[in-house]
Amino acid sequence: MQNLIEIKGVRHAYQTQSGPLPVLDGLEIAVPEGGFVAVVGPSGCGKSTLTKLVAGLLKPDEGEVWLHGEKVKSPRSTVGMAFQNPVMLEWRTILQNVMLPLEIVPTKMTRRQKEDRARYLLDLVGLAGFEGKRPSELSGGMRQRASLCRALVHSPEVLILDEPFGALDAFTREDLWQIMHQVKEKEPFTGVLITHDLRESIFLADQVVVLSGRPARTQYVLDVGTTGTRDLDHLYTAEASEMLATLRHQIEVAQGRAPAEPEQTATPDLPPGSAAQGMA
Amino acid sequence: MADVPQPLTKPAGATGRGGSAVLAALTSRAVIAPIAAVVVFLVLWELLVWANGWPDYVMASPSDLPPAYAQYWELFLIMGWQTLWRTVVGLVVAVIFGVLVGMVMGFSRVMRDALYPLLVGFNAIPKATVVPIVALLFVGQHDFNTVLIAFMISFFPIAVSVSIGLSTLEPEYRDILRSLGASQATIFWKIALPKTLPEFFGALKVAVTLAFIGTNLMEIVSPHGRGLGALFDSGKTNSNYPLMFAVLIALAFLGIVLYYVVVALEKIFAGWAERSPG
Ligand SMILES: Nc1ncnc2c1ncn2[C@@H]1O[C@H](COP(=O)(O)OP(=O)(O)OP(=O)(O)O)[C@@H](O)[C@H]1O
Ligand SMILES: [Mg+2]
């Protein structure tokens, strides 16, 4: 089967004043069409850099990024992006904000069709009735939902989400997780989700990639297995706890706070607490 | 072309309620309050002069002004117009130049580092010292000199505000648009420019007053000058104190008019940035 996103041996370094800063070092990620990958890793390891490479905003120093059988050399309009900071143009209404990408990508849609498309998406995320409001009149969660609509309005093949729910409170976040599932059912896309929340990663994605500390390489890939809609109760099953424990351990390894082999965590010469396992 | 934000007020609604809306606006607090303040100010001024028994040549009183205007009204119109157009031209040049410099500094970090000290140093020079230099440099080019000074004194805040507005653009905007294949020009017209408008108008309000000061400096200092500044100067030469005060008031009036023109433009183009108080 052909993968829609393929990241092969990607290396990247930023040129800084104190010389090159290697950020990605031999990254391997493959996402099938319609798949949803979550990427977790220590802060500053290069996750946002990864999204810029997939979007074609940066070129890798080495290695290749492929989207739908084509090598990415420059930005392409088949990508939609949403960030932790749901920036909105304050002088536009929510509807006009959501329609922004349609003003840029080439499209045959009439103005009416563009508007209908934006209205449909706003309705899908539960923002019907807010089309004419200004962004400043919306709460953080609502802005994030509008930002999601903006990322999807031009029907991108790939949706890139860089910690989109990071700044939201726990309840709003869980709300949005469920909305994400509903949206994915109606608007199929291949997803890349950067997150710090392990529960979020296994709830939304079908594949979780753990990156090592900077410079990041693919350290561990967890197959979540279940695809399609999940409900929140699923997060409290034994199966989910086990996955969370594995991921937590991998993160600790990535942070350099635990040795690579889980078996060794039981050895007595380790300082207490350093090998804390969620399963215990 | 530019993604100029639409005015918040719907034109359809405004024309529909034409007459009564105008009446309501004229009797609103926003109009009555400043007029009342001006009246109180004039009364206090009159009282002050009357109570101290100051003669004309120490301090004119408001009641001296109407005769001065009546006597010289033609001069006031001609000179007022001269001052006004030269200020506006200087300001327009300052806006064009200031926006260009601001764009260069806002988009390029290197240019920002290079130009900033130069601009600050230039701005720190008291313009009163530049006036005689310019007057000597371009002798007789009175209109040109005046416009030049008005421009020099007022472009700085505009350049700084535009450069700050552009360089503080959230990177997310840029990423979203660039990932869709938008060009730098599109990003500028659709996002950077409109986003900078509130800062721009804030600076323009300062620049208006500054340009006005620049024009008058030149008019007063240069021999055989024109404009209200020259009228003030001739009042001084002839010890015509009511005339001098009448000029001051006329200047204040023009300044207020220009300022509110900018405020009106701001309402139209950057009204979205206004936060309702409370
Ligand atoms: N434009 C840049 N120039 C130089 N260095 C950069 C640039 N962007 C990021 N970096 C550096 O590269 C590293 C990785 O940055 P990146 O934003 O990809 O991390 P991240 O994994 O997304 O972090 P976080 O989890 O905190 O969002 C960081 O150390 C950062 O300081
Ligand atoms: Mg990041």
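Residues numbered from 1 in each chain as written. Chains lettered and ligands numbered in written order. Predicted model: local features only at pLDDT ≥ 70, side-chain atom pairs only at ≥ 80, totals over all residues. Heavy atoms only, no water.

## What to know about the site of ligand 1
Residues and elements named next belong to chain A.
Working step 1: In the region of ligand 1, 14 residues are neighbours, and Gly-44, Lys-47, Ser-48, Thr-49 and Arg-214 sit closest.
Working step 2: Within the contact set of ligand 1, an oxygen atom lies 3.2 Å away from a side-chain nitrogen or oxygen of His-196.
Working step 3: About the coverage of ligand 1: the protein hides 63% of its 640 Å² of free accessible area.
Working step 4: Every element with two or more residues in the shell around ligand 1 is listed here: β1 (3–16), β2 (19–32) and α1 (47–54).
Working step 5: With three residues, α1 is the largest single contributor of residues to the shell around ligand 1.
Working step 6: Across the shell around ligand 1, the residue classes tally to four nonpolar, seven polar and three charged. (Near = heavy atom within 4 Å. Polar contact = N/O pair within 3.5 Å; in protein donor to acceptor, adjacent residues only side chain to side chain. Areas by Shrake-Rupley, 256 points an atom, 1.4 Å probe, with all protein chains shown as cover. Helix = DSSP H or I, 4+ residues; strand = E, 2+ residues; numbered from the N terminus. Nonpolar A, V, L, I, M, F, W, Y, C, P; charged D, E, K, R; others polar.)

## Considering the interface of chain B and chain A
Working step 1: The interface of chain B with chain A comprises 22 residues on the first partner and 26 residues on the second.
Working step 2: Counting each side, the surface lost to burial between chain B and chain A is near 2100 Å², with a carbon and sulfur contribution of 69%.
Working step 3: At the junction of chain B with chain A, the criterion picks out two salt bridges.
Working step 4: A salt bridge links Lys-190 of chain B to Glu-103 of chain A; the nearest nitrogen and oxygen atoms lie 2.9 Å apart.
Working step 5: Sorting the residues of the side of chain B that touches chain A by element identifies α8 (171–179) and α9 (184–221) of chain B as the ones contributing at least two each.
Working step 6: When residues in the side of chain B that touches chain A are grouped by element, the largest group, seven residues, is from α8 of chain B.
Working step 7: Here the residues of the side of chain B that touches chain A sort into ten nonpolar, four polar and eight charged. (Contact = heavy atoms within 4.5 Å. Buried area = accessible area lost by both parts, 1.4 Å probe. Salt bridge = Lys/Arg side-chain N within 4 Å of Asp/Glu carboxyl O.)

## A word on the UniProt feature "transmembrane region" (unreviewed entry) in chain B
Residue and element names in this part refer to chain B.
Working step 1: The positions UniProt marks with the feature "transmembrane region" (unreviewed entry) are residues 21–45, 84–107, 114–140, 146–169, 200–221 and 241–265.
Working step 2: From the first C-alpha to the last, residues 84–107 spans 34 Å; its make-up is 100% helix and 0% strand.
Working step 3: Along residues 146–169 one finds 92% helix and 0% strand; the C-alpha atoms at either end are 36 Å apart. (UniProt positions renumbered as here; feature names shortened; annotations may be inferred.)

## Topic: the side chain of Glu-219 of chain B
All names here are of chain B.
Working step 1: The topology assignment puts Glu-219 in helix α9.
Working step 2: The exposure class assigned to Glu-219 is buried, which follows from its relative accessible area of 1%.
Working step 3: Discounting residues that sit within four places of it in the chain, Glu-219 has contacts with Thr-83, Arg-86, His-142, Thr-146, Gly-225, Arg-226, Gly-227, Leu-228, Gly-229 and Ala-230. (Buried < 20%, exposed > 50% of the residue type's maximum accessible area, 1.4 Å probe, protein only.)

## Some points on the sheet that holds strand β9 (residues 207–211) of chain A
Residues and elements named next belong to chain A.
Working step 1: In spatial order, the strands read β6-β7-β8-β3-β9-β10; together these six strands make up an open sheet with mixed pairing. Strand pairing shows two members of the sheet lacking a second neighbour, β6 (79–83) and β10 (218–223), which therefore form its edges. Averaged over neighbouring strand pairs, the angle between their axes works out to 15 degrees when direction is ignored.
Working step 2: Relative to strand β8 (residues 190–194), strand β3 (residues 36–40) is paired through four bridges, and the arrangement is parallel. What sits directly across from Phe-36, in β8, is Gly-191.
Working step 3: Sitting on the sheet, helix α7 (residues 238–254) touches β3, β9 and β10, and the angle it makes with β10 is about 175 degrees. (Pairing = 2+ DSSP bridges. Axes fitted to C-alpha atoms, helices over the stretch in contact; angles between N-to-C directions.)

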